[in-house]
Amino acid sequence: KDRLTNMGDNHDVCTRTSRGEPRTTQNRVANHLRVSPARLAGDNALDVFQKHREKELKERRRLYCWATWKEGLPRTIAAERQDDLPPNSRFHEEKRLDFEWALKAGALETVLKRVYTLLSSWSRLEDFDQIFWGQKSDLAERVHRCWRDDELFGYQFLNGANPMVLRRSASLPSRLVLPSGTEALGAQLERELQVLLAVVSRCLLSFLQIQPPSPSCPPPPLFLPSDPPLAWLLAKIWVRNSDFQVHQLQYHLLSTHLVAEVIAVATMRCLPGLHPVFKLLIPHIRYTLEINTRARSQLISEGGIFDKAVSTGGGGHVHLLRRAMAQLTYRSLCPPDDLAARGLLGIPSALYAHDALRLWEIIARYVQGIVRLFYHRDDVVRGDPELQAWCREITEVGLCQAQDRGFPASFQSQSQLCHFLTMCVFTCTAQHGAINQGQLDWYAWVPNAPCTMRMPPPTTKEDVKMATVMGSLPDIRQACLQMTITWHLGRRQPDMVPLGHHKEKYFSSPKAKAVLRQFQTDLENLEREITARNAQVDLPYDYLRPSRIENSVTI
């Protein structure tokens, strides 16, 4: 009785409906239980706690059901549109109003740009200046000025919007077929591969082959910096367009949004509000279900933005996602493993790699601090039925039998649990920040990373004219859509909660609060380190500065 009375005095959390009104008193008991001290299933001294856990999970499994959006892809929440979601998963009123206002503002800006260019020519690269106004960043302005430079082209694969495809190679790619007469170049590249640390970015500037070779056709051309300027420029544009598709679908949608959704649904279905892992994760799944549901109904749906403006629209995006699913391994979501596999450890100019590793270490310390308060031995981990059910739900159900890709189907030790939870928090926060924020900077100037190409890749160099380049790039309508969507998705959210600074007090014990305070201190120290580093470099890398990382996938 005393415990229940004390719980009633805790007013740290006030739940609200999707329209912002306080919920009815029937939810107060559940709310009080949520902010009470975290407990494992076997620690319940009072029968009321165990009964509440069972009742809560039964109701949650009714509300949070799995659905299959497309076969062969991670499973999603069963909701056709945002109104179908459980009320606790909806945007709050401020978020909803801002999101819908931004869509209307973007649509209006697109119309104004279309009207402004109605009678204008569209035959030179400079004509894109006619729509390069409105909301844009200082870095976007620099990209506008310098996007043709080979150095900036290579830099983007290291620290740009998508730093996930670059890897160091010890030999020339097996798919590369050198055209006749370029044998000397091939020998030179092989020698460079043995001695250059950052050889991949050098190779990107040395030659490009933008079509895969086919046994039934002559080798596709090798594009070189010494080629006619427009031919070399068009080859780089094709590479940037391809990276746009891989970035948005494989590394943004699949590896952050859809993985975060699996974590969110499994957490709601398997972990009661009293469970310490629920309390650890709940701040990091805020708004994720609604933003993903909106994406499926507006962005990647039939007739959505992808179909209207993006190369892979009309079904190609689903095909690419299915291929990417085979590469979605557990190790690929853990920066220490992923960066080591790509050979990017210890490269001073790899700022994403450096900051990602530092954040992984800080998040890991935070997770370990919380986990050790409740799981004192490995057998406690193995003996937690709710935790083991949550693990199976993610790997076997949400990620579609992902054991063969390294995901665990059970937790056997404290360290294994900590590693998995670190991956969950990192994916929902830092990794999404690194992948999402760069869109406004690197994609606002459309020729730098076009969403679509309207002509086939060139097969000869001499025939590439300005008409070829402009005929390949997006038309005015597509370019305006790209600018609008990248602004809408890449801008800072007005109700943004920075990593580690959630307002709700899910943990009430002094020890757990001390762990959270240390986490916040570590993040503040890293903030100062990155700020000092950025003051010394030509192109600051800000996407993993803790104050810019949102606490969950909300956009």
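So, here is what we can say about the structure in this document. Here the structure is a predicted model, which means the values were calculated and not measured. (Residues numbered from 1 in each chain as written. Predicted model: local features only at pLDDT ≥ 70, side-chain atom pairs only at ≥ 80, totals over all residues. Heavy atoms only, no water.)

### With respect to the overall build of the protein chain
Helix and strand counts for the protein chain come out as 22 helices and two strands. Here the protein chain holds 555 residues, and 57% of them are scored as buried. The contacts in the protein chain between residues at least 6 apart in sequence include a share of 76% that link residues at least 24 apart. Carbon together with sulfur atoms contributes 54% to the accessible area of the protein chain, which is approximately 24100 Å² in total. (Helix = DSSP H or I, 4+ residues; strand = E, 2+ residues; numbered from the N terminus. Buried < 20%, exposed > 50% of the residue type's maximum accessible area, 1.4 Å probe, protein only. Contact = heavy atoms within 4.5 Å. Areas by Shrake-Rupley, 256 points an atom, 1.4 Å probe, with all protein chains shown as cover.)

### Topic: helix α13 (residues 316-325)
Turning to α13, its buried residues number three or more, namely His-317, Val-318, Leu-320, Leu-321, Ala-324 and Met-325. Axial view of α13: buried residues confined to an arc of 160°, hence all on one face. In α13, the exposed positions that point more than 90 degrees away from the buried face belong to His-319 and Arg-323. Those residues of α13 hidden inside the fold are in contact with α9 (229-270) and α12 (305-309). (Arc of directions from axis to C-beta.)

### Quick notes on unusual backbone geometry
For residues that are not glycine, phi is negative in most cases, and the peptide bond is trans in most cases. Even without glycine at this site, Tyr-287 takes up a positive phi of about 70°. Non-glycine residue Cys-400 carries a positive phi angle of around 60°. Take Cys-400: it is sitting in the loop between α17 (385-398) and α18 (414-436).

### Comments concerning the nonpolar core
With 153 residues, the main nonpolar core has Tyr-375 and Trp-390 as its most contacted residues. In terms of residues, this core owes the most to one element, α9, which gives 23 residues. Beyond its immediate sequence surroundings of up to four residues, Trp-390 is in contact with Ile-263, Ala-266, Thr-267, Cys-270, Leu-271, Val-277, Leu-281, Phe-411, Phe-420, Leu-421 and Cys-424. Of all hydrophobic cores here, the second largest spans seven residues; its members include Leu-172, Leu-176, Leu-185 and Leu-189. (Core = buried A, V, L, I, M, F, W, Y, C linked by side-chain atoms within 4.5 Å.)

### Considering empty space enclosed by the protein
Rolled over the atoms, a probe sized like a water molecule indicates the empty space that remains. Throughout the structure, instances matching the rule amount to three cavities of 30 Å³ or more. In this structure, the largest cavity encloses a volume near 60 Å³. Counting residues per element, the ones that place at least two in the lining of the largest cavity are α6 (150-159) and α9. A total of four residues in the lining of the largest cavity trace back to one element, the largest contributor, which is α9. Size it by volume and the second largest cavity reaches roughly 50 Å³. (1 Å grid on protein atoms, 1.4 Å probe; cavity = no way out; pocket = protein on both sides within 12 Å on 5 of 7 lines; lining within 4 Å. Points joined across faces, edges and corners; volume = space filled by probe spheres on them.)

### Here's the deal with the environment of Leu-539
Examined against the element boundaries, Leu-539 turns out to sit in the segment after α22 (510-534). Measuring from C-alpha to C-alpha, the distance between Leu-539 and Tyr-155 comes to 9.6 Å, with 384 residues separating the pair along the chain. In this structure Leu-539 touches Leu-139, Arg-142, Leu-152, Tyr-155 and Leu-351, once residues within four positions along its chain are discounted.

### Observations regarding the packing of aromatic side chains
Tallied over the full model, the rule gives 19 aromatic pairs. Consider the rings of Tyr-330 and Phe-420, whose centres lie 5.8 Å apart with planes at 50°: the pair is tilted. In this pair, Tyr-330 is assigned in the loop between α13 and α14 (335-341) and Phe-420 in helix α18, connecting sequence segments 90 residues apart. Overall, the relative accessible area of 12% leaves Tyr-330 in the buried class. Ring pairing ties together the aromatic residues Trp-122, Phe-128, Phe-132, Trp-147 and Trp-445, which thus form one cluster. Geometry around Phe-223 places Lys-461 over its ring, the cationic atom sitting 5.9 Å from the centre. Positioned over the ring face of Trp-487 is Arg-491, at 5.3 Å from the centre of the ring. (Phe/Tyr/Trp six-rings, centres within 6.5 Å; stacked < 30°, edge-to-face > 60°. Lys NZ or Arg CZ within 6 Å of the ring centre and 35° of its normal.)

### Quick notes on a nonpolar patch on the surface
A surface patch of nonpolar side chains, about 430 Å² in accessible area, is lined by Leu-108, Leu-112, Tyr-116 and Trp-133. For Leu-108, the location among the structural elements is in helix α4 (residues 93-116). For Leu-108, a relative accessible area of 53% corresponds to the exposed category. (Patch = residues over 30% accessible without salt bridge, like charges linked within 9 Å, V, L, I, M, F, W, Y side chains within 5 Å. Salt bridge = Lys/Arg side-chain N within 4 Å of Asp/Glu carboxyl O.)

### Digging into the pattern of salt bridges
Inspection of every chain in the model, using the stated rule, returns 32 salt bridges. We note a salt bridge from Arg-358 to Glu-529, for which the minimum N-O separation is 2.9 Å. Remark: Glu-529 occurs in helix α22 and Arg-358 occurs in helix α15 (residues 351-374); sequence separation between them is 171 residues. Among the charged side chains, a network of salt bridges with common partners joins Arg-81, Asp-83, Arg-90, Glu-93, Arg-96, Glu-100, Glu-290 and Arg-294.

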